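A structural walkthrough
Chain residues, written in single-letter form:
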Amino acid sequence: MPRTPYIAANWKMNKTVAEAAEFVDALLPRIAATQNDVVICPPFTALSEVVQRRYGTAVKVAAQNMHEEESGAFTGEISAPMLVELDVEAVVLGHSERRQFFGETDEALARKVPAALAADLEPILCVGESEAARDGGETEEVLERQLQADLAGVEPTDLARVVIAYEPIWAIGTGRAATPEQAQEACAYIRDVIRLRGGVADDVRVLYGGSVKPASAAELLALPDVDGALVGGAALDPEDFAAIVEAAG
Ligand code: PEP
């Protein structure tokens, strides 16, 4: 079965509740006919508003992080059951900004990914190399290390429930997207690693993320191993994000 394109909007620390509402109201009519999976990842404060406004549509809502425990003394954290209670369906895990600025480790991700799956939240696991690693020819090594570590607690039969986003750090927010060759090569390699882990690699959605814009989306999304996009900057504007959804076919 062909993999359904998956386009996700990562708003990061942007949009108030009022701005989130305005975005959703502008987006929905523009994507009414799409057959693609469309996912919005608002900040925690706007999750409920986006969930309420998208009821009756195919749009899914994802959080940008969660803690692996269900409850406890973890000030400032949010758990999977709290997200599920809001009717959130997915969660971004391991974004490079969380790894870089908030000390997110592969060890924590190895607990978070199974915790998300156990709660029936779809994990969108982000992996990707730094510029130094790419320049040093270590891209595949980094991707394999992150995938093996972060997915260590996931049964092979559950791997297809995880969405994986290839996000080279040097392409995020820089306006310098990976070339189609770089994106295809890395996403195909990610699929190979999933295959080696015993997963049904052909069923796993592998996204590309890093400065995807309406003008570059069609070429990236047409690549055989790129099943969608995780979009930051261009996902703050409903028109631009709708154009990327449309570019996915
Ligand atoms: C991201 O936040 O995951 C991202 C890819 O951002 P941008 O599209 O702005 O590079």
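On a predicted model such as this, the values are computed, not experimentally measured, just so you know.

Calculation criteria
Residues numbered from 1 in each chain as written. Predicted model: local features only at pLDDT ≥ 70, side-chain atom pairs only at ≥ 80, totals over all residues. Heavy atoms only, no water. Axes fitted to C-alpha atoms, helices over the stretch in contact; angles between N-to-C directions. Helix = DSSP H or I, 4+ residues; strand = E, 2+ residues; numbered from the N terminus. Parallel < 35°, antiparallel > 145°, perpendicular 65-115°, else oblique. Left-handed = near helix turned anticlockwise from the far one by under 90°. Contact = heavy atoms within 4.5 Å. Nonpolar A, V, L, I, M, F, W, Y, C, P; charged D, E, K, R; others polar. Buried < 20%, exposed > 50% of the residue type's maximum accessible area, 1.4 Å probe, protein only. Pairing = 2+ DSSP bridges. Expected span 1.5 Å × (residues − 1). Phe/Tyr/Trp six-rings, centres within 6.5 Å; stacked < 30°, edge-to-face > 60°. Lys NZ or Arg CZ within 6 Å of the ring centre and 35° of its normal. Arc of directions from axis to C-beta. Polar contact = N/O pair within 3.5 Å; in protein donor to acceptor, adjacent residues only side chain to side chain.

Moving on to the packing of helix H9 (residues 214-221) against helix H10 (residues 238-247). Running from N to C, H9 and H10 point in directions that differ by 20 degrees, and their axes come no closer than 8 Å. Classified by the angle between their axes, H9 and H10 sit roughly parallel to one another. In this structure, H9 crosses over H10, and the sense of that crossing is right-handed. Of H10, the residues touching H9 (which contributes Pro214, Ala217, Ala218 and Leu221) are Asp240, Ala243, Ile244 and Ala247. In the contact of H9 with H10, the residues fall into 7 nonpolar, no polar and 1 charged.

Let's shift gears to the pairing of strand S2 (residues 37-41). Judged by how many residues are buried, S2 sits mostly within the fold: 5 of 5 residues are covered. Every second residue of S2 is oriented toward a common face, with Asp37, Val39 and Cys41 on one face and Val38 and Ile40 on the other, all of them buried. Strand direction decides the pairing type here: strand S1 (residues 6-10) and S2, joined by 5 bridges, are parallel. Bridging from a neighbouring strand, Ala9 pairs with Ile40 of S2.

For helix H5 (residues 106-118), which comprises 13 residues, the first-to-last C-alpha distance of 18 Å matches the rise-based estimate of 18 Å (1.5 Å per residue) to within 8%. Buried within H5 are the following residues: Asp106, Ala108, Leu109, Lys112, Val113, Ala115, Ala116 and Leu117. Packed against the buried residues of H5 are helix H3 (80-85), strand S4 (90-93), helix H4 (96-101), strand S5 (122-127) and helix H7 (139-150). Asp120 occupies a position one or two residues after H5 and carries a positive phi of about 70 degrees.

Further remarks concern unusual backbone geometry. The residue Lys15 is not glycine, and still its phi comes out positive at about 85 degrees. With respect to the secondary-structure elements, Lys15 resides in the loop between S1 and helix H1 (17-30). Although it is not a glycine, Asp87 sits at a positive phi angle of roughly 75 degrees. As for its position among the elements, Asp87 is in the loop between H3 and S4. The partly exposed category is assigned to Asp87, whose relative accessible area is 36%.

Attention now goes to the environment of Arg195. Within the secondary structure layout, Arg195 lies in helix H8 (residues 180-196). Taking the relative accessible area as the measure of exposure, Arg195 reaches 42% and is therefore partly exposed. In the structure, Arg195 is positioned 98 residues away from Glu97 in sequence and 27 Å away in space, judged by C-alpha atoms.

Let us now look at the packing of aromatic side chains. Taken as a whole and assessed by the stated rule, the structure comprises 3 aromatic pairs. Taking 4.8 Å as the distance between ring centres and 75 degrees as the angle between the ring planes, the aromatic pair formed by Trp11 and Phe23 counts as edge-to-face. Of the two residues, Trp11 is situated in the loop between S1 and H1 and Phe23 in helix H1; the sequence distance between them amounts to 12 residues. Grouping residues by exposure puts Trp11 and Phe23 together as buried. Where Phe23 meets Phe241, the ring centres are 6.4 Å apart and the plane angle is 40 degrees; that geometry is what we call tilted. Here the residue Phe23 occupies a position in helix H1, and Phe241 occupies one in helix H10, the gap between them amounting to 218 residues. Every member of this aromatic cluster is reached through a ring pair, and the members are Trp11, Phe23 and Phe241. Over the face of the ring belonging to Trp11 we find Lys15, whose NZ or CZ atom lies 5.4 Å from the ring centre.

Here the focus is the sheet that holds strand S3 (residues 60-63). Spatially, the 8 strands close up into a barrel ordered S1-S2-S3-S4-S5-S6-S7-S8, and their pairing is parallel. Across the sheet, the mean angle from the axis of one strand to that of its neighbour is 25 degrees, orientation sign disregarded. Strands in contact with H8 are S5, strand S6 (163-166) and strand S7 (206-209); relative to S6, the strand with the most contacts, it is inclined by about 145 degrees. Seen against the sheet, H10 touches S1, S2 and strand S8 (228-231) and runs at an angle of roughly 160 degrees to S1.

Attention shifts here to H10. Inspection of H10 places Pro238, Phe241, Ala242, Ile244 and Val245 among the buried residues, and these make up the whole buried set. Axial view of H10: buried residues confined to an arc of 160 degrees, hence all on one face. Residues of H10 that are exposed and point more than 90 degrees away from the buried face comprise Glu239 and Glu246. Check the buried side of H10 and you find it contacts S1, H1, S2, H9 and S8. One side-chain oxygen at the N-terminal end of H10 lies 2.9 Å from the backbone nitrogen of Glu239; it belongs to Asp237. Gly249, located one to two residues past H10, shows a positive phi value of around 95 degrees.

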